[in-house]
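# Notes for the structure review
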2 protein chains.
Amino acid sequence: MASDVPPPETKAEIAGAVRDALAKHGYARLTTSKIAAESDKSEAGLYYYYDSKDDMIVAFLETASDYLVRELEAVEAAGPEETLRAACDRLVVREENADDRGVDVAMMELLSHAPYDEEFRERLLTLERTTLDHLAGIVADGVETGVFRDVEPRATATFLLAAARGSTPLSLALGMDEAGRDLHEQVQDYIDSLVVD
Amino acid sequence: MASDVPPPETKAEIAGAVRDALAKHGYARLTTSKIAAESDKSEAGLYYYYDSKDDMIVAFLETASDYLVRELEAVEAAGPEETLRAACDRLVVREENADDRGVDVAMMELLSHAPYDEEFRERLLTLERTTLDHLAGIVADGVETGVFRDVEPRATATFLLAAARGSTPLSLALGMDEAGRDLHEQVQDYIDSLVVD
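Described in the following lines is the structure provided in the data block. Everything quoted here is computed from the prediction, not taken from an experiment.

A few words now on the side chain of Glu128 of chain B. Within the secondary structure, Glu128 of chain B sits in helix α7 (residues 118-144). For Glu128 of chain B, a relative accessible area of 2% puts it in the buried group. Filtering out sequence-adjacent residues up to four positions away, Glu128 of chain B remains in contact with Leu170, Leu174 and Met176 of chain A together with Leu111, Leu161 and Arg165 of chain B.

Below is the structure:
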């Protein structure tokens, strides 16, 4: 059993190392030694806090939810239309950044394990629900203030999130660059269609 | 080395066994013995035609492209609007069918390996390009015949395909049933928006 609960800054440092290792290697090829290579800790140092590679991934997923919320909140722009555009632009990962691309593909791999792994499923559900709540909140704000048509906020947010998640297999995993560019435009066109003329 | 190239019906049988085994176990937990359990062949019988589990998966992916095209062509309905609705309804997998759900989640897992595995990547690219071409063809047909607005067929098809692919992590891998239902409706609403009033 791991000896201790890590203090917040240690958990954040290890979560960052898991993120970097996942971005480079994916989940199937991930080892604690590869996580240690991205960390300021040794493998023994990691095992002091976590019993297994999967426990370290759970720590990363918990940190990722907080990080995503902070990142989405940081894109807060002038009014719901611009805020929604910026949030969606953030969610549809661009091909240029190899690190973000690798993390997104690894998240897709972790999602494929969710039906078989309750710990992963629980954290990934939190992550996706948090994202969905955030997007739905922006849409609801736009509907209330008369910026957007009278659409159903949660269903609209789900559609946008699905289109963003669908960019990972097409644009990032398979390198269909044109699909990635089309998606960025189409998401913005779709937001156009929500705006009251 | 495997002894022989399988005749088409043998390849199809083995591909079907790979599909059933992937649906039940996913890729990480897949073994040739689990494929044999879904096949009328023994493990030795499978190795007569294929050198490895991954070669059997490649055979499944090749067969899957043909199967998908036949399935999409079979949904040919009265005119481009109804054909596009039916094709998209087919692509957004419903939660009720555990077998289809399992295959879709396993496809997402294989996609996450695509950046690291050229054989998988090549077949998955064919599969996604074929699907995209098919959808873009329906949209182009609708634009030419004046049923749809003057949208860009390929970009529109990419958006619909991404939304469909995005239903896998949310609705199938994480069991967000409401997201699945919302997506079916939203895709149809989006197709409404393409139709000339």
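Still to come is the rest of the account.
With that settled, consider the relation of the copies chain B and chain A. For the pair chain B and chain A, the best superposition has an RMSD of 0.0 Å and corresponds to a rotation of 180° with a translation of 0.0 Å parallel to the axis. Interpreted geometrically, this transformation is the action of a two-fold axis. Most of the interface of chain B is mirrored in chain A: 100% of its interface residues are interface residues there too.

A few words now on helix α7 (residues 118-144) of chain A. All names here are of chain A. Its 27 residues place the ends of α7 37 Å apart at the C-alpha level, agreeing with the 39 Å of an ideal helix rising 1.5 Å per residue. Of the residues that open α7, the one with a side-chain oxygen 3.1 Å from the backbone nitrogen of Glu119 is Asp117. Gly146 lies just past α7 and shows a positive phi near 75°.

Right, let's talk about a negative patch on the surface for a bit. A cluster of acidic residues, Glu152 of chain A together with Glu178, Glu185 and Asp189 of chain B, forms a negative patch at the surface. Taking relative accessible area as the criterion, Glu152 of chain A reaches 45% and is therefore assigned partly exposed.

With that settled, the discussion passes to the packing of aromatic side chains. Counted according to the given criterion, the structure contains 10 aromatic pairs over all chains. When the centroid spacing of 5.4 Å and the interplanar angle of 75° are considered together, the rings of Phe159 of chain A and Phe159 of chain B count as edge-to-face. Note that Phe159 of chain A is positioned in helix α8 (residues 153-173) and Phe159 of chain B in helix α8 (residues 153-173), a pairing that runs across two chains. Taking the relative accessible area as the measure of exposure, Phe159 of chain A reaches 0% and is therefore buried. Between Tyr48 of chain B and Tyr49 of chain B the ring centres are 5.0 Å apart and the planes differ by 90°, which places this aromatic pair in the edge-to-face class. The class for Tyr48 of chain B is partly exposed, based on a relative accessible area of 38%. Three or more aromatic residues link up through ring pairs in this structure, and these residues are Phe159 and Tyr190 of chain A together with Phe159 and Tyr190 of chain B. Seen from the ring of Tyr116 of chain B, Arg29 of chain A lies directly overhead, with NZ or CZ sitting 3.8 Å from the centre.

Definitions and limits used
- Residues numbered from 1 in each chain as written.
- Chains lettered and ligands numbered in written order.
- Predicted model: local features only at pLDDT ≥ 70, side-chain atom pairs only at ≥ 80, totals over all residues.
- Heavy atoms only, no water.
- Helix = DSSP H or I, 4+ residues; strand = E, 2+ residues; numbered from the N terminus.
- Buried < 20%, exposed > 50% of the residue type's maximum accessible area, 1.4 Å probe, protein only.
- Contact = heavy atoms within 4.5 Å.
- Least-squares fit on C-alpha atoms with pLDDT ≥ 70 in both.
- Expected span 1.5 Å × (residues − 1).
- Polar contact = N/O pair within 3.5 Å; in protein donor to acceptor, adjacent residues only side chain to side chain.
- Patch = residues over 30% accessible without salt bridge, like charges linked within 9 Å, V, L, I, M, F, W, Y side chains within 5 Å.
- Areas by Shrake-Rupley, 256 points an atom, 1.4 Å probe, with all protein chains shown as cover.
- Salt bridge = Lys/Arg side-chain N within 4 Å of Asp/Glu carboxyl O.
- Lys, Arg positive; Asp, Glu negative; His and termini not counted.
- Charge placed at Lys NZ, Arg CZ, Asp CG, Glu CD.
- Phe/Tyr/Trp six-rings, centres within 6.5 Å; stacked < 30°, edge-to-face > 60°.
- Lys NZ or Arg CZ within 6 Å of the ring centre and 35° of its normal.

Bear in mind that shape data such as this cannot, by itself, settle questions of function.
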